[in-house]
Amino acid sequence: MGTKKKFILFFGVGWCGTTSLYYTLQDYMHGGWVKENRVLARIFLELNKSRREGSYQLLMNGLEYKGKDPVKLQFTEQEINSIFSPGVSLSRYVAHYKKLAEYCGDRYMAVGDFSNTNYDLTVDMLHQINEELKKYFDVMPIIILRDPIRRIWSETCAFTNNKFFKKKNGYNCVKDTVQSTLCLQYTDKIKQLYKVFGEKNVCYLIMEDFFKDQKNNFEVSKLEKFLNININKVYPCVFVPDKGINPPKLDGLKDQWCSDHEVLTPEFYNMLRFRKDYEKEYNSFKELHGCLPADWGRIGRAHV
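This write-up is about the structure you can find in this document.

**Quick look at the sheet that holds strand β2 (residues 29-30)**
- Taking strand neighbours across the sheet as the criterion, the five strands line up as β2-β3-β1-β4-β5 in an open arrangement whose pairing is parallel. Looking along the sheet, the strands with just one partner apiece sit at the ends: β2 and β5 (203-206).
- Bridging between β2 and strand β3 (residues 110-113) involves two bridges; their strand directions are parallel. By the bridge assignment for β3, His-30 is matched with Val-111.
- Relative to strand β4 (residues 137-145), helix α9 (residues 186-197) is tilted by about 170°, and along the sheet it contacts β1 (5-10), β4 and β5.

Printed below as a string of structure tokens:
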């Protein structure tokens, strides 16, 4: 990999334990002030084009760290606001992370962007991003995946139970929204990443296995080998084991335990399992991975 600092380019997926993975890597990677800056989505996908109000004050309040004490960053208010302002460019994004890497020195082996919105970037966009980043960094794409049905259920519950709604919506609202939403095609995304970065340079993880048991954990070992690190502690994930509407309220993981407010019934799970789009993804991922993960697509295994 040479002498360049690693750049962890993360692709989600949301509601797959991404915050837990972020905390797990905080001893090895510095991501800046926020877990998800979504800058690439603003550059390429025109997401949130307007300036974030109070971005400097927000960032100076600090991100909750679960690893070693973070290095003291010396960005000026103007430099911080520039990365969040309208008209931010890819060159400015790369320059920002170059400076972050300088501040981190040898204390962290990597810097990174943990924005889940990176999942939506196209192959052409990723080629542009990779061409610029690899001039200065060893780019390390990582994506973490969860059973597709349980993932979409958690996401839909979260979006029917937040500021976009005046009150918590019930089971029928969640069910109807899930039914009208197409299954994410993980396999297609992984193949896109292979095309841009090369298969050996991409690491995909299975959420249910990564957070299940730290001893002799194949998924943890795979990530350690990929990044050439020794992970001392895996931060727990609310979704593993799956407690449905009764999750443990773990520190720093409110984004996880606030999501599932309705029961995913076995009947509804089983109905989705063999819907055409879900069946396609389960079969495609099985072909890619060699088998389905043990906790994926299990008839009758649903939130309890």
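Resuming the write-up.
**Quick notes on the nonpolar core**
- Formed by 91 residues in total, the largest nonpolar core has its most connected members in Leu-9, Leu-21, Tyr-93, Ile-142 and Leu-223.
- The residues contacting Leu-9, other than those within four sequence positions of it, are Leu-40, Tyr-93, Asp-113, Asn-118, Ile-129, Leu-133, Val-139, Met-140, Pro-141, Ile-142 and Phe-197.

**Some points on the packing of helix α7 (residues 148-159) against helix α14 (residues 276-289)**
- Orientation of α7 relative to α14, taken along the N-to-C sense of each, is 130°, at an axis distance of 10 Å. Comparing their axes, α14 and α7 come out oblique. Note on element contacts: α14 touches α7 through Tyr-278, Glu-281 and Tyr-282, opposite Pro-148, Ile-149 and Ile-152.
- A breakdown of the residues in the contact of α7 with α14 according to their chemical character gives five nonpolar, no polar and one charged.

**Some details on the packing of helix α4 (residues 77-84) against helix α5 (residues 90-104)**
- Interaxial distance between α4 and α5 falls to 10 Å at its minimum, and their mutual angle equals 140°. Of the possible angle classes, the one that applies to α4 and α5 is oblique. Handedness of the crossing formed by α4 with α5: left-handed. Residues Glu-79, Ser-82 and Ile-83 of α4 lie in contact with α5, whose contacting residues are Arg-92, Tyr-93, His-96 and Lys-99.

**Section: the pairing of β5**
- Burial along β5 is two-sided: Cys-203 and Leu-205 and Tyr-204 and Ile-206, pointing in opposite directions, are all buried.
- Here β4 runs beside β5; their pairing, made up of four bridges, is parallel. Opposite Ile-143, over in β5, you have Tyr-204 as the bridge partner.

Reading the values: the criteria
- Residues numbered from 1 in each chain as written.
- Predicted model: local features only at pLDDT ≥ 70, side-chain atom pairs only at ≥ 80, totals over all residues.
- Heavy atoms only, no water.
- Pairing = 2+ DSSP bridges.
- Helix = DSSP H or I, 4+ residues; strand = E, 2+ residues; numbered from the N terminus.
- Contact = heavy atoms within 4.5 Å.
- Axes fitted to C-alpha atoms, helices over the stretch in contact; angles between N-to-C directions.
- Core = buried A, V, L, I, M, F, W, Y, C linked by side-chain atoms within 4.5 Å.
- Buried < 20%, exposed > 50% of the residue type's maximum accessible area, 1.4 Å probe, protein only.
- Parallel < 35°, antiparallel > 145°, perpendicular 65-115°, else oblique.
- Nonpolar A, V, L, I, M, F, W, Y, C, P; charged D, E, K, R; others polar.
- Left-handed = near helix turned anticlockwise from the far one by under 90°.

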